[in-house]
Amino acid sequence: MSAPGHPAAGGAARASRRLEPGTKLVIATHNAGKLRENAALLAPWGLEVVGAGALGLPEPAETETSFLGNAGIKAHAAARATGLVALADDSGFSVAALDGAPGVWTADWATRPDGSRDYAHAMAEVERRARDFPDRRAWFSCALVLAWPDGHSEGFLGEAPGHWVWPPRGSRGFGYDPMFVPESETETFAEMDPDRKHAISHRARAFALLAAACLPER
Ligand code: IMP
């Protein structure tokens, strides 16, 4: 996990391998939304993209304590199982006053006993635990890991720094968006134009690092 309030995005590893145009790439997610979003981001690079769900791959347990670690577990498992290069991500919301929590447990804080997600409850829990601390810094993180069948991998971490607000504001976006205002902005991620969010988000930053280092030259 990043240090609380860690301000900048950065590549976690120096790329030593770049994909060739036409490479078949498996997106190691069973989430249809993530598959669609990643496939759209990758579209300009001329890769052949396939989802882990379509290949019937199992979902490995996310047992690491960092975003890069958990993305690595998913990417390596998919690469090993398919013999293809695999891309996996892991993301979450961190609060400085809570030593980076919920962090890698971001989804767990929102998960009800029946498995459904309740983000209003999760955001209220963040506010309840953090309200007495004057430090309001918070950030979203997104780790992307590309893994090759021979065990090689490249990892990239994108972060969107900002602060948390209460009560939640806005109805766009998803997850913890209504309680997060990114640096240099006045609107929450859930209030702003989605194009604006996608231009400055942790996901966009991680993807830009990955593209610069590992996607085919255009
Ligand atoms: P995962 O990457 O599927 O493990 O999801 C991580 C958790 O972080 C989920 O609960 C998401 O709702 C939350 N999360 C990740 N990115 C964002 C975002 O851009 N906005 C709001 N919540 C997010």
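See the structure shown above.
Keep in mind the model is a prediction, meaning the values are calculated, not measured.

Reading guide: rules and limits
Residues numbered from 1 in each chain as written. Predicted model: local features only at pLDDT ≥ 70, side-chain atom pairs only at ≥ 80, totals over all residues. Heavy atoms only, no water. Near = heavy atom within 4 Å. Polar contact = N/O pair within 3.5 Å; in protein donor to acceptor, adjacent residues only side chain to side chain. Areas by Shrake-Rupley, 256 points an atom, 1.4 Å probe, with all protein chains shown as cover. Helix = DSSP H or I, 4+ residues; strand = E, 2+ residues; numbered from the N terminus. Nonpolar A, V, L, I, M, F, W, Y, C, P; charged D, E, K, R; others polar. Salt bridge = Lys/Arg side-chain N within 4 Å of Asp/Glu carboxyl O. Buried < 20%, exposed > 50% of the residue type's maximum accessible area, 1.4 Å probe, protein only.

Q: Account for the site of the ligand, naming residues and giving values.
A: As a matter of local geometry, the ligand sits amid 15 residues, with Lys34, Ser91, Tyr119, Asp177 and Arg203 nearest to it. One of the side-chain nitrogen or oxygen atoms of Lys34 is found 2.8 Å away from an oxygen atom of the ligand. The side chain of Lys197 places a nitrogen or oxygen atom 2.8 Å from an oxygen atom of the ligand. Taking 490 Å² as the accessible area of the ligand by itself, protein coverage stands at 90%. Sorting the residues of the shell around the ligand by element identifies strand E4 (85-95), helix H3 (106-109) and helix H6 (202-214) as the ones contributing at least two each. Ranked by residues supplied to the shell around the ligand, first place goes to E4 with three residues. Its residues assigned to classes, the shell around the ligand comprises five nonpolar, five polar and five charged.

Q: If you had to explain the pattern of salt bridges to someone new, which residues and values would you point to?
A: Across all of its chains, the model carries 14 salt bridges by this definition. Its salt-bridge partner being Glu62, residue Lys74 comes within 3.2 Å of it at the nearest N-O pair. Here Lys74, found in helix H2 (residues 67-82), pairs with Glu62, found in the loop between strand E3 (48-51) and H2; they are twelve residues apart in sequence, far enough to count as distant. With relative accessibility at 42%, the residue Glu62 sits in the partly exposed group. The residue Asp90 makes a salt bridge to Lys74 at a minimum N-O spacing of 3.2 Å.

Q: Which residues make up the environment of Leu157, and what values go with them?
A: As for its placement among the helices and strands, Leu157 is situated in strand E6 (residues 153-164). Since its relative accessible area comes to 17%, Leu157 is described here as buried. Once the C-alpha coordinates of Leu157 and Leu68 are considered, the two residues, 89 residues apart in sequence, prove to be 7.1 Å apart.

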